[in-house]
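Listed below are the residues making up each chain.
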Amino acid sequence: MTQASTPTAETVRHLARSLLTDSGAAGRDPDVRPVAADRDHLTWRVGARHVLRLARDGDASVRLRRELRLRDLVRPHLPVAVPVSVAHGEWADGLVCTLDTRLPGGSAEEQTVSAVGETDLAGLLGGLREVPAARADALGVPRAAPRSLETLRAPLDEAGRELAAADEFDPARSGRLTAAAAGQLSAQPGAAVLVHHGLEGGRLAVGADGRVRGVLDWTDAVLGDPAEDIAGLAIAVGAPAAVRAATLAGYGARPSLRGLWLARCDTVLRLSGRLRGVDEGPLPLLRTRLRRAWEPIMLERVTDLRDATDETP
């Protein structure tokens with residue numbers, strides 16, 4: 001697998017200057033500073049208006065190339081902004097980079113999404129459903145099988161007991177995902193849509209007014225279960241806001257509750273894994289995400305899971 005060493009600030013500055021020249025925006029050397037790094041990408045801020053993303057290896061490069069085409073496909077369907085690549089190329093042999101426009105606003109981890117912002121999230125969920133699956137297929141967007149809540153029940157119970165022993169969680173809460181509920185909340189056949197599959201707070205650009213201004217990083221997008229994006233929103237902005245957005249987008253009780261329980265399973269398992277040293281992530285952030293996903297919602301108080309239905313086509 002092609003992989004290069006971490007670039008220095010001077011290397012990034014030279015690369016950014018070259019890409020800006022290619023885009024017709026040449027000028028003095030830009031200020032650059034690292035802002036994020038994950039398993040796939042290194043990200044640097046370039047001046048006040050651009051962000052440079054560098055793929056770490058060959059697989060990440062393939063997905064970054066696909067993302068550049070996918071963003072053009074989804075942009076007309078969404079009410080929120082998607083970054084535009086002003087120039088792209090290779091920063092090392094076989095490793096792709098893109099210089100993107102910087103979206104306004106801060107992270108949803110730092111800014112609270114307002115009630116109007118929830119309508120932006122609803123538009124995002126609805127717009128993704130309208131993206132033609134055949135065109136996403138043609139771009140090479142992979143298909144992902146829905147996860148089984150029944151399969152997650154045993155790990156959820158075990159992790160819940162581990163967190164209870166560490167005084168982090170009430171294990172009785174995980175028992176609410178009964179076998180009957182897991183069965184009723186299984187994914188519905190033929191429901192595959194384009195899924196961002198990474199709607200965590202750091203990928204949502206939120207303005208000071210609480211409006212959602214854009215969505216970053218589409219490299220994990222799949223054709224699959226829309227409940228995964230509802231789950232991502234529950235972790236990013238809280239269960240009530242996520243369910244309200246899903247409802248406004250036309251999703252009914254079944255996918256909304258399914259997404260909620262996927263989020264709850266994920267947050268318990270992530271925090272448990274972190275405490276055991278087999279997962280990564282800042283403990284305060286993982287605890288916050290656990291709290292958000294387990295916030296009570298009106299839907300589960302008034303809806304018998306045995307009667308939950310999916311009103312979406």
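Up top you'll find the structure we're talking about.
What counts and how
- Residues numbered from 1 in each chain as written.
- Predicted model: local features only at pLDDT ≥ 70, side-chain atom pairs only at ≥ 80, totals over all residues.
- Heavy atoms only, no water.
- Helix = DSSP H or I, 4+ residues; strand = E, 2+ residues; numbered from the N terminus.
- Buried < 20%, exposed > 50% of the residue type's maximum accessible area, 1.4 Å probe, protein only.
- Pairing = 2+ DSSP bridges.
- Salt bridge = Lys/Arg side-chain N within 4 Å of Asp/Glu carboxyl O.
- Axes fitted to C-alpha atoms, helices over the stretch in contact; angles between N-to-C directions.
- Parallel < 35°, antiparallel > 145°, perpendicular 65-115°, else oblique.
- Left-handed = near helix turned anticlockwise from the far one by under 90°.
- Contact = heavy atoms within 4.5 Å.
- Nonpolar A, V, L, I, M, F, W, Y, C, P; charged D, E, K, R; others polar.
- Polar contact = N/O pair within 3.5 Å; in protein donor to acceptor, adjacent residues only side chain to side chain.
- Core = buried A, V, L, I, M, F, W, Y, C linked by side-chain atoms within 4.5 Å.

### A word on unusual backbone geometry
Residue D167 is not a glycine yet carries a positive backbone phi of 60°. Inspection of the secondary structure puts D167 in the loop between α5 (149-165) and α6 (179-184). Look at D217: it is not a glycine, yet its phi comes out positive at around 50°. Secondary-structure assignment places D217 in the loop between β9 (212-215) and β10 (222-224).

### Remarks on the pairing of strand β5 (residues 95-101)
Most of β5 is tucked away, with six of its seven residues classed as buried. Relative to β5, strand β3 (residues 50-55) runs antiparallel, the two being bridged by five bridges. The partner of L52 across the bridge, within β5, is L99. In terms of strand pairing, strand β4 (residues 85-92) meets β5 through six bridges, oriented antiparallel. Each bridged residue has a counterpart across the sheet, and for H88 the counterpart in β5 is T98. If you look at the hairpin formed by β4 and β5, you'll find two residues sitting between the two strands, and G94 has a positive phi there, around 80°.

### What to know about the pattern of salt bridges
Applying the stated criterion across every chain, the model contains 29 salt bridges. Linking R71 and D100 is a salt bridge whose minimum nitrogen-to-oxygen distance equals 2.9 Å. Residue R71 is located in helix α2 (residues 58-74), and its partner D100 is located in strand β5; the two are separated by 29 residues in the primary sequence. In terms of burial, R71 and D100 fall into one category: buried. In this structure, D220 engages R203 in a salt bridge whose closest nitrogen and oxygen atoms are separated by 3.4 Å. A residue pair is termed long-range when its members are at least 10 positions apart, and D220 in the loop between β9 and β10 and R203 in the loop between β7 (193-195) and β8 (204-206) qualify at 17 residues. Here D220 matches R203 in class, with each residue buried.

### Structural notes on the packing of helix α3 (residues 115-130) against helix α7 (residues 227-237)
Look at α3 against α7: their axes get within 11 Å of each other, and the N-to-C directions meet at 160°. Taken together, the axis directions place α3 and α7 in an arrangement best described as roughly antiparallel. α7 is crossed by α3, and the crossing has right-handed handedness. Contacts between α3 and α7 pair L121, L125 and L128 from the former with D229, I230, L233 and V237 from the latter. Looking at side-chain class alone, the contact of α3 with α7 contains six nonpolar, no polar and one charged residues.

### Points about the packing of α7 against helix α9 (residues 253-276)
As a packed pair, α7 and α9 sit with axes 7 Å apart at the nearest point and diverge in direction by 55°. In terms of axis orientation, α7 runs oblique to α9. Pair α7 / α9 crosses with right-handed handedness. Of the residues in α9, those in contact with A227, E228, I230, A231, A234 and I235 of α7 are P255, S256, R258, G259, L262, A263, D266 and T267. Considering only residue class, the contact of α7 with α9 consists of eight nonpolar, three polar and three charged.

### With respect to the side chain of S272
Assignment of secondary structure puts S272 in helix α9. Engagement of the side chain of S272 in a polar contact is seen with the side chain of E162, the distance being 2.4 Å.

### Re the nonpolar core
The biggest cluster of nonpolar side chains holds 69 residues, and the ones touching the most others in it are L70, L149, L194, L204 and W218. Dropping the residues within four chain positions of it, L204 is found in contact with G106, S107, A108, L121, L199, G214, V215, L233, A236 and V237. Residues A16, W44, V46 and L95 belong to the second largest nonpolar core, which totals 16 residues.

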